[in-house]
Protein chains: 6
Amino acid sequence: MTERRMLVVGAHSADFVWRAAGAIAAHTARGGRARVVALSYGERGESGELWKEPAQTVENVKRIRHDEAAAAAKAVGAGFDCFDLGDYPLGLDDAAVTRLADLMREFEPHVVLTHPERDPFNPDHPVAHAAVARARLLSSGAGVASAFATTPPSEFLVFEPHQPELCGFVPDTFLDITSVMDAKREAMSAMAAQRYLHEYYGQRAEHRANHARKVSGDKGVRFAEAFQRMTPKVVDAL
Amino acid sequence: MTERRMLVVGAHSADFVWRAAGAIAAHTARGGRARVVALSYGERGESGELWKEPAQTVENVKRIRHDEAAAAAKAVGAGFDCFDLGDYPLGLDDAAVTRLADLMREFEPHVVLTHPERDPFNPDHPVAHAAVARARLLSSGAGVASAFATTPPSEFLVFEPHQPELCGFVPDTFLDITSVMDAKREAMSAMAAQRYLHEYYGQRAEHRANHARKVSGDKGVRFAEAFQRMTPKVVDAL
Amino acid sequence: MTERRMLVVGAHSADFVWRAAGAIAAHTARGGRARVVALSYGERGESGELWKEPAQTVENVKRIRHDEAAAAAKAVGAGFDCFDLGDYPLGLDDAAVTRLADLMREFEPHVVLTHPERDPFNPDHPVAHAAVARARLLSSGAGVASAFATTPPSEFLVFEPHQPELCGFVPDTFLDITSVMDAKREAMSAMAAQRYLHEYYGQRAEHRANHARKVSGDKGVRFAEAFQRMTPKVVDAL
Amino acid sequence: MTERRMLVVGAHSADFVWRAAGAIAAHTARGGRARVVALSYGERGESGELWKEPAQTVENVKRIRHDEAAAAAKAVGAGFDCFDLGDYPLGLDDAAVTRLADLMREFEPHVVLTHPERDPFNPDHPVAHAAVARARLLSSGAGVASAFATTPPSEFLVFEPHQPELCGFVPDTFLDITSVMDAKREAMSAMAAQRYLHEYYGQRAEHRANHARKVSGDKGVRFAEAFQRMTPKVVDAL
Amino acid sequence: MTERRMLVVGAHSADFVWRAAGAIAAHTARGGRARVVALSYGERGESGELWKEPAQTVENVKRIRHDEAAAAAKAVGAGFDCFDLGDYPLGLDDAAVTRLADLMREFEPHVVLTHPERDPFNPDHPVAHAAVARARLLSSGAGVASAFATTPPSEFLVFEPHQPELCGFVPDTFLDITSVMDAKREAMSAMAAQRYLHEYYGQRAEHRANHARKVSGDKGVRFAEAFQRMTPKVVDAL
Amino acid sequence: MTERRMLVVGAHSADFVWRAAGAIAAHTARGGRARVVALSYGERGESGELWKEPAQTVENVKRIRHDEAAAAAKAVGAGFDCFDLGDYPLGLDDAAVTRLADLMREFEPHVVLTHPERDPFNPDHPVAHAAVARARLLSSGAGVASAFATTPPSEFLVFEPHQPELCGFVPDTFLDITSVMDAKREAMSAMAAQRYLHEYYGQRAEHRANHARKVSGDKGVRFAEAFQRMTPKVVDAL
């Protein structure tokens, strides 16, 4: 069997940590390859702590954010790239979609993770979703022979937003991350600028594990992440 | 690993054949155990061909329907039981729910399949859904220690109704039944009274395979069945 | 072409007047036959004005309500029957569903109108909907030969509730009742006990006509009623 | 202004504690009156810890559950009653609905809280919702003069279920319970049999406060509960 | 307590009058400040009456529309500005969103009103909604310290569209405008070019009051407007 | 009565064939006029078979696709035009919307057909839907006198997508195409490059006929197409 590849795309450089670091760690722990793409550094909307430094510059904020995200990605075994498109608002044009589609053709991910389609509390997350969904279709084509290079259609899931019900997020997949929770904690620790979220998402992982235990009866799930599939899963047994 | 058990509950004796015979065959082909329960024989609503016989009796119709369903179940490796509650309308009272819950406690299914919650074209299918959903919760309890015997919560999916969009059915799982399509055909052949559906559901399996190929890029899927999960799936990798 | 038959079922004796009197009048004006069935007289929940009379009795309230509804039905060319099942709460058991189904087998309606499935402001309307939906399926069968007498499946629509958005009512059909608005007004006038609704539903008919004009560009629509189909319409041209 | 009255109805004796104790405490702290009704003691489904005692009896379990719930209610300033209808399944018949409606006519609540309409993980919660919704309509009538005593329509909200997204719960109201969190903690402490939920719902209150801060910008919210209105709110300013 | 500020944004200069003039009047009557922004004059799509004048010019149409809207705004105590972006289609680019966001940073509204997200009968209303929603998020930021000036997140509601059910509008708030209905009528009278809507929205206010009375039991509500919240409300008591 | 005009807009040149050729044929068979507009030739995403030819050029692919589509349109009695905007991605800018709107003002269609609003398997179909919906509103105006030429609002329906449930497609109209199925087959035969779809959509027409027979009881429906209305239908009888 070939190596399984996972692509995680976030609007800002830290998004993947809170929402999918466990999924990445579980994936790489099984020998899969994972790649994280941030569309921006979140240098304006999410980096207020850094801007409290006198004489702070945008280049320096981006550098710090890059280092943090790269360290977090490394903690869960993934590579990290940033498109540096700017945030609040995220500057997504056709060229950026093409770049994403080209990356998908090259990396050929088996599974793609990104933000949900709606988020009434964030202007950039839905833009990121739309770009990923569009790039995914442009890179995989219509499922018939086409005039351009295509890649097989990936599984497509969205990760948990901050206020799930208000984003229309209804989880259909609970991922047991018990065995890789230490790696997720390490990834979270790398995000020094957003410390207030470490505790929040640590507790969230326990809550989702509680849900997963109720759903499955599996008492061994202590930490979990929640996901929602955008397209059906093809299986060979129920 | 313990043997995996599947329970399929239909309102009428033939429902499981068109909608889940492939799932059963795929399950038993892998060594799983499967049990089919029909809540009624469909002796009034679905057996018109049999009633064209002069001097037909309800006992005889039920006997024929039992033999057909048992043969179809056998073709896909499953046992068959009928609660014989009557159809059009399906006579489901608390005792029948208790009987279903007791059966679940005894059989301890890992996965349960039944009709979707809504069906604007059939008065019995939603009643069957409600009974199965309720029995499942009564048999598995609240996920905490309780005063009565419980069974671990099963995976709970609904199979494809006849007019999917109008029943609110949105498939999230396509099951590849290519390797067991012969068994499904044999099961369908056992249902002599509803021959007009053999071709319909044979073509439907091809269409769902077409969808599954588009979703996954897997060219090997020639026949498929569609399902929708009622509760999230707990997994250990995406 | 055979005479077209319409069946209108309301929870209380006056429901059909505000919500479907125009539809009935338009139907009978074209030579169709119409029958109104009230499941109750609304003698408790809707007849407060009558109960202000000293020494009022339930028999007398029902008699007055019957006479009013029969007069209103007559004004739009329909017959009127009441099942007299009691209101607040509407007492609907299996026997009442059977009675409705038998009536459908006998009358063989081409179109059936009743309340929407949900109404957070009325305990009886959803009960009426469920009974009509169920009776309709039991009387028409599964669309195949069956063991009992069946009638062809009718078109099934719900009429406008009092607070449409909160009942999940989304109209897909605006009926032009301009030519029969006088008959609807006469029917409304027959409901002496609920005078406060005459003006309300007179204005409502103007508003729905405004909507219908915007939808169609047809400036001739001055009064309209709104309906939502529960099952698709089969047509031979778009 | 008259004293404001709140009625909280749970399927099992402990439900109100985790989901609405803060709302009750905030209500009584402002001089309002609050009454908690449990439809059952949850003696079968939620009391497993108690049943681990040798020679345990159902009477004793109910007594303990009563004392715990009464103490919890007292901690937030409310009275407590139990209909003792049995759980798993909750035994709700017409008489119980009538009893609830009578209680509403007598207590005349301004606001009613109960479970959401759906819960794919609990067989009793939706039954409780349906009963409360029905009793509320039967006690308030059609908004016109009627043949029976009525009470003004109450505000009607549902409290947070255990797996919100999967119950269709979309909060539209975050209640700041910061000033009464100690009382909620005391109420939770009274529920000795379900200790594993104290931490869970303590954290949940912090998460909902985080959400409330994001929604409102009010940094003072440290603990919150979430609710969803079933009917619109009438206000005199936005 | 500081003065409460309301911002109302319409696609065309008259939108605020029919849909929110009562809300504005109720707001300013209590000492609040209100500002109306029209994104266009509706000079093409809504001003047909004016164009019937021979030798009419677009400048003159805009001037008349400005004067009417300013007079209407004044009647309910609000200031009026127009972005003059053109209508049918509304010309909304990133600069216009930035201008709106800047205005929000400067005015710091506590509550923002605009059109619903969908309207199958108007090409400009959804565009206006998207711009307001986006500007609101860009001006309030992520709820954490950021690199740019932010304003606290406002309450965000949509006002009633012309065909509510077909726009997905489900009111959760009925505003009693009885005491300010005269001001709303005066505002409507200022819109000479759209006289046919005066009667329509006068009746609509009576209908919404009827709904509000049914919801609340408050007999004093004679006129009302309907709104739907886009984000939850944070409260300190239910 | 004036001749009835139908406009069918597809993202790619073959879309109309599989999804609406029967509707067009039924329309023209009754004396109506029909016009097909393709926004692109689908020269990249749908023409892989043609690209297998050595030395193939994009001009030649477009020419072949044009000839096929024109022949298919002719087979069902319609004219064919292509905007040639490019596919994967479909290049739709404001000028293209204006061109569509101008075409609608000129052709004045009574009914417009296009793709559904959502399609998680195709990047171009939703773009086409949005353009058609927008052009339709821009060409018909607000239903009042306006500053520009308008055309009466057309009936607006979407045709069946390839994976209906996953596109949110819920049919409300089944069109009996039995009498014109030969013409549809001829149109399908003209699409040489997509032969694998002939059988698929031939069977689909039988399945939709099965559904239509169940809905209506009309045994004569042997082939059907499914549609969903985007705006209500105005009728003068039910």
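Residues numbered from 1 in each chain as written. Chains lettered and ligands numbered in written order. Predicted model: local features only at pLDDT ≥ 70, side-chain atom pairs only at ≥ 80, totals over all residues. Heavy atoms only, no water.

Chain A is annotated in an unreviewed UniProt entry as PIG-L family deacetylase of Actinomadura chibensis.

J.: Help me out: how do you make sense of the relation of the copies chain A and chain B in this one?
T.: Both copies of the chain are placed relative to one another by a rotation about an axis and a shift along it. Take chain A, turn it by 180 degrees, move it 0.0 Å along the axis, and it overlays chain B with an RMSD of 0.0 Å. Both chain copies can therefore be described as sitting about a two-fold axis. Nearest to the rotation axis, the C-alpha of Asp172(A) is located 4.6 Å from it, this being the minimum over chain A. (Least-squares fit on C-alpha atoms with pLDDT ≥ 70 in both.)

J.: Explain the pattern of salt bridges to me, please; I cannot follow it from the model alone.
T.: Taken as a whole and assessed by the stated rule, the structure comprises 108 salt bridges over all chains. For the salt bridge of Glu155(C) with Arg229(C), the shortest nitrogen-to-oxygen distance reads 2.8 Å. With Glu155(C) in strand β5 (residues 155-159) and Arg229(C) in strand β7 (residues 224-229), this residue pair connects regions lying 74 residues apart in the sequence. Comparing Glu155(C) with Arg229(C), the two get one shared label, buried. Residue Glu160(F) is joined to Arg204(F) by a salt bridge in which the shortest nitrogen-to-oxygen separation is 2.7 Å. In this pair, Glu160(F) sits in the loop between β5 (155-159) and β6 (173-176) while Arg204(F) sits in helix α7 (residues 196-216), placing the two residues 44 residues apart along the sequence. Among the residues examined, Glu160(F) registers a relative accessible area of 6% and is labelled buried. Accessibility expressed as a relative area gives 5% for Arg204(F), which makes it buried. When salt bridges with common partners are traced through the structure, they connect Arg4(A), Glu155(A), Arg229(A) and Lys233(A) into a single cluster. (Salt bridge = Lys/Arg side-chain N within 4 Å of Asp/Glu carboxyl O. Helix = DSSP H or I, 4+ residues; strand = E, 2+ residues; numbered from the N terminus. Buried < 20%, exposed > 50% of the residue type's maximum accessible area, 1.4 Å probe, protein only.)

J.: What's the story with the arrangement of the chains in this structure? I'm lost.
T.: Where chain B comes nearest to chain E, the C-alpha atoms are still 18 Å apart, and the two do not contact one another. Contact between chain D and chain F is absent, and the minimum C-alpha spacing across the pair is 18 Å. (Contact = heavy atoms within 4.5 Å.)

J.: What should I look at first to understand the sheet that holds strand β1 (residues 5-10) of chain C in this one?
T.: In a beta sheet, neighbouring strands pair by backbone hydrogen bonds and run either parallel or antiparallel. Strand order in this open sheet of 8 strands is β3(C)-β2(C)-β1(C)-β4(C)-β5(C)-β7(C)-β6(C)-β8(F), and the pairing throughout is mixed. Of all the strands in the sheet, the pair left with one neighbour each is β3 (79-82) of chain C together with β8 (233-235) of chain F. On average, adjacent strands in this sheet sit at an angle of 25 degrees to one another, irrespective of strand direction. (Pairing = 2+ DSSP bridges. Axes fitted to C-alpha atoms, helices over the stretch in contact; angles between N-to-C directions.)

J.: I would appreciate a short explanation of the interface of chain A and chain B in the present structure.
T.: Interfaces are often sized by the accessible area lost when the parts come together. At the junction of the two partners, chain A supplies 31 residues and chain B supplies 31 residues. With both sides pooled, the region where chain A packs onto chain B buries about 2800 Å², and carbon together with sulfur makes up 63% of that total. A per-residue breakdown of the area chain A buries against chain B is headed by Pro232(A), Val234(A) and Leu238(A), which together make up 28% of the total. In this assembly, chain A and chain B are joined by 2 salt bridges. Where Asp236(A) meets Arg30(B), a salt bridge forms, and the shortest distance between an N and an O atom there is 3.2 Å. Put simply, chain A and chain B have 12 residue pairs in polar contact (both at pLDDT 80 or more) between them. At the level of elements, α1 (15-29), β6 (173-176), α7 (196-216) and β8 (233-235) of chain A are the ones that each hand at least two residues to the side of chain A that touches chain B. Grouping the constituent residues of the side of chain A that touches chain B by class yields 19 nonpolar, 4 polar and 8 charged. The pairing of β6(A) with strand β8 (residues 233-235) of chain B spans 3 bridges and is parallel. (Buried area = accessible area lost by both parts, 1.4 Å probe. Polar contact = N/O pair within 3.5 Å; in protein donor to acceptor, adjacent residues only side chain to side chain. Nonpolar A, V, L, I, M, F, W, Y, C, P; charged D, E, K, R; others polar.)

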